[in-house]
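Each chain is listed here by its residues.
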Amino acid sequence: MNARVLDGDIITSRLEDVRAYEGVRTRRILAFVIDYFIVALLTIPFAILVFLFGLLTLGLGWMLFSILVPAVAILYIWNTLGSKDQATTGMKMMGIRLDRLDGSPIDGLTAVVHSVLFWAGNVILSPLVLLVSLFSDRKRTLHDLLLGTVVSRSGR
């Protein structure tokens, strides 16, 4: 059995420990900034390739510029958040990870759906969607509640 005792309470998993959520909200914001800086840097070489492809196709390939940033972001999320570490590069730097409440690992599709729901929620409801984390247990945001996920400290 993998149980610990903390202040008289039996803790059966890492996700039930309240210390796993200390400072998560701030760390999520900083991880977001780092990740989208990385996505911006990754977009540059792909933009050069799209530009050259546009020259070869007499301008038709330049239509790919309209989906370039979302495509790069989705590939980045799929390969980082959907990996065995369950964290993007920014999340790793901030010491947090995404977990499912049922204990199963995060796959690439769940990672992408998590990010798409975040952006869709912000487009529809504005950043007010993030206020949910002030009132929810484990500092979960709206898209975390919808997918049954939680962001926690990885070292705790």
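These figures come from a predicted structure and were not determined experimentally.

**Student:** Sorry, what's going on with helix α2 (residues 68–80) here?
**Tutor:** For an α-helix, 3.6 residues make a turn, and residues three or four places apart therefore share a direction. Between its terminal C-alpha atoms α2 stretches 18 Å, which fits the 18 Å expected from 13 residues at 1.5 Å a residue. Of all the residues in α2, the buried ones are L68, V72, A73, Y76, I77 and T80. Along the axis of α2, the buried positions cluster into a sector of 160 degrees, meaning they face one direction only. Buried residues along α2 sit against α1 (24–56), α3 (89–94) and α4 (108–125).

**Student:** Looking at this model, I keep getting lost on the environment of V132. Mind explaining?
**Tutor:** Residue placement: V132 occurs in helix α5 (residues 132–135). Leave out the neighbours within four places in its chain, and V132 touches R140, T141, L142 and L145.

**Student:** I tried to follow the packing of aromatic side chains on my own but got confused; where do I start?
**Tutor:** By convention here, two paired aromatic rings are described through the distance between centres and the angle between planes. Following the criterion strictly, the structure yields 6 aromatic pairs and no others. When the ring of F32 is compared with that of F118, the centres are 5.8 Å apart and the planes differ by 65 degrees; the resulting orientation is edge-to-face. Of the two residues, F32 sits in helix α1 while F118 sits in helix α4, which places them 86 residues apart along the sequence. Assessed through its relative accessible area of 33%, F32 is described here as partly exposed. Within the aromatic cluster, the residues linked to one another by ring pairs are F32, Y36, F118 and W119.

**Student:** Quick question: what am I supposed to make of the nonpolar core here?
**Tutor:** As a rule of thumb, soluble globular proteins bury nonpolar side chains together. Ranked by size, the top nonpolar core spans 23 residues in total, and within it Y21, I77, L81, M91, I96, L98 and V151 carry the most contacts. Within the residue set of this core, elements represented by two or more residues are α1, α2, α3, β3 (96–100), α4 and β4 (149–153). Beyond its immediate sequence surroundings of up to four residues, V151 is in contact with Y21, V24, R28, M91, I96, R97, L98 and D144.

**Student:** Would you take a moment to explain the pattern of salt bridges for this structure?
**Tutor:** Opposite charge on two side chains lets them pair, provided their charged atoms get close. One pass over the structure, following the stated rule, counts 5 salt bridges. Between R28 and D144 there is a salt bridge, with its nearest N and O atoms 2.7 Å apart. Here R28 is found in helix α1, whereas its partner D144 is found in helix α6 (residues 142–147), with 116 residues between them in sequence. Taken as a pair, R28 and D144 share a single burial class, namely buried. One salt-bridge network, held together by shared partners, links K84, D85 and K92.

**Student:** Would you mind showing me how to read the pairing of β4 here?
**Tutor:** Working note: regular strand, side chains alternate between the two faces of the sheet. Of all 5 residues that make up β4, 5 are buried, and the element is covered over most of its length. Relative to β4, β3 is paired through 5 bridges, and the arrangement is antiparallel. Bridge pairing links L98 to V151 in β4.

**Student:** Even after reading the chapter, I still don't get the layout of surface pockets, so can you show me in this structure?
**Tutor:** Over the atoms, a rolling probe the size of a water molecule traces out where space has been left empty. Its volume calculated, the largest pocket comes out at about 520 Å³. If you trace the largest pocket, you find 24 residues lining it, with R28, I29, F32, F118 and H143 closest to the centre. When residues of the lining of the largest pocket are traced back to their parent elements, those giving at least two are α1, β3, α4 and α5. Counting residues per element, the lining of the largest pocket draws most heavily on α1, which supplies 7 residues. By residue class, the composition of the lining of the largest pocket is 14 nonpolar, 6 polar and 4 charged.

Thresholds, definitions, all that
- Residues numbered from 1 in each chain as written.
- Predicted model: local features only at pLDDT ≥ 70, side-chain atom pairs only at ≥ 80, totals over all residues.
- Heavy atoms only, no water.
- Helix = DSSP H or I, 4+ residues; strand = E, 2+ residues; numbered from the N terminus.
- Expected span 1.5 Å × (residues − 1).
- Buried < 20%, exposed > 50% of the residue type's maximum accessible area, 1.4 Å probe, protein only.
- Arc of directions from axis to C-beta.
- Contact = heavy atoms within 4.5 Å.
- Phe/Tyr/Trp six-rings, centres within 6.5 Å; stacked < 30°, edge-to-face > 60°.
- Core = buried A, V, L, I, M, F, W, Y, C linked by side-chain atoms within 4.5 Å.
- Salt bridge = Lys/Arg side-chain N within 4 Å of Asp/Glu carboxyl O.
- Pairing = 2+ DSSP bridges.
- 1 Å grid on protein atoms, 1.4 Å probe; cavity = no way out; pocket = protein on both sides within 12 Å on 5 of 7 lines; lining within 4 Å.
- Points joined across faces, edges and corners; volume = space filled by probe spheres on them.
- Nonpolar A, V, L, I, M, F, W, Y, C, P; charged D, E, K, R; others polar.

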